[in-house]
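What follows is the residue order along each chain.
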Amino acid sequence: MFKRLFTALILLANPVCAQDKSFTLMAPSSMVESGFLKHLLPRFSLKTGVRINLVSTDSDAVFGAEGTPVFTDTDTLWHLAKTDTPNTEAFEKWLLSDVGKRTIEAFAPDGTALFSADVSVARVVETVALD
């Protein structure tokens with residue numbers, strides 16, 4: 001009994017220094033308003049323990065037209081531009097993983113998926129006929 005009490009006191013006396021596992025993300029208002037990020041971000045955080053804070057300026061990562069292609073919606077190929085930190089690297093890796101892709105495609109508020117993880121670019125081959 002004395003050992004348990006002593007161990008508990010030592011654990012409580014030494015503060016645990018947790019590493020800040022978070023980063024900031026900027027996303028277009030249309031993406032935020034669709035509810036997609038409320039679907040996506042908690043699943044990433046649950047899997048990795050990294051918290052993502054949405055901000056409107058000065059972020060560690062941005063969904064936009066530049067960076068690594070990560071998903072599409074009906075008319076836009078979305079990219080992730082990020083800083084080179086372990087947490088943003090983990091987010092990009094997760095988005096491109098099978099679990100991340102399934103999570104992206106599982107967002108279907110009305111029964112129809114709004115986003116696709118297929119970011120392959122189709123090549124258009126034009127045949128030229130010479131006379």
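Residues numbered from 1 in each chain as written. Predicted model: local features only at pLDDT ≥ 70, side-chain atom pairs only at ≥ 80, totals over all residues. Heavy atoms only, no water.

### Focus on the packing of helix H4 (residues 86–96) against helix H5 (residues 98–106)
Two elements in contact, H4 and H5, have axes separated by 4 Å at closest approach and are oriented at 70°. Compared by their axis directions, H4 and H5 come out roughly perpendicular. Here Trp94, Leu95 and Leu96 of H4 come into contact with H5, specifically with Asp98, Val99, Gly100, Lys101, Thr103 and Ile104. Counted by class, the contact of H4 with H5 contains five nonpolar, two polar and two charged residues. (Axes fitted to C-alpha atoms, helices over the stretch in contact; angles between N-to-C directions. Helix = DSSP H or I, 4+ residues; strand = E, 2+ residues; numbered from the N terminus. Parallel < 35°, antiparallel > 145°, perpendicular 65-115°, else oblique. Contact = heavy atoms within 4.5 Å. Nonpolar A, V, L, I, M, F, W, Y, C, P; charged D, E, K, R; others polar.)

### Regarding the packing of helix H3 (residues 36–48) against H5
Put simply, H3 and H5 touch, their axes get as near as 9 Å, and they point 155° apart. Between H3 and H5, the interaxial angle falls into the category roughly antiparallel. Where H3 crosses over H5, the two elements pack in a sense that is right-handed. Along its contact with H3, which presents Phe36, His39, Leu40 and Arg43, the element H5 presents Thr103, Ile104 and Ala106. Grouping the constituent residues of the contact of H3 with H5 by class yields four nonpolar, two polar and one charged. (Left-handed = near helix turned anticlockwise from the far one by under 90°.)

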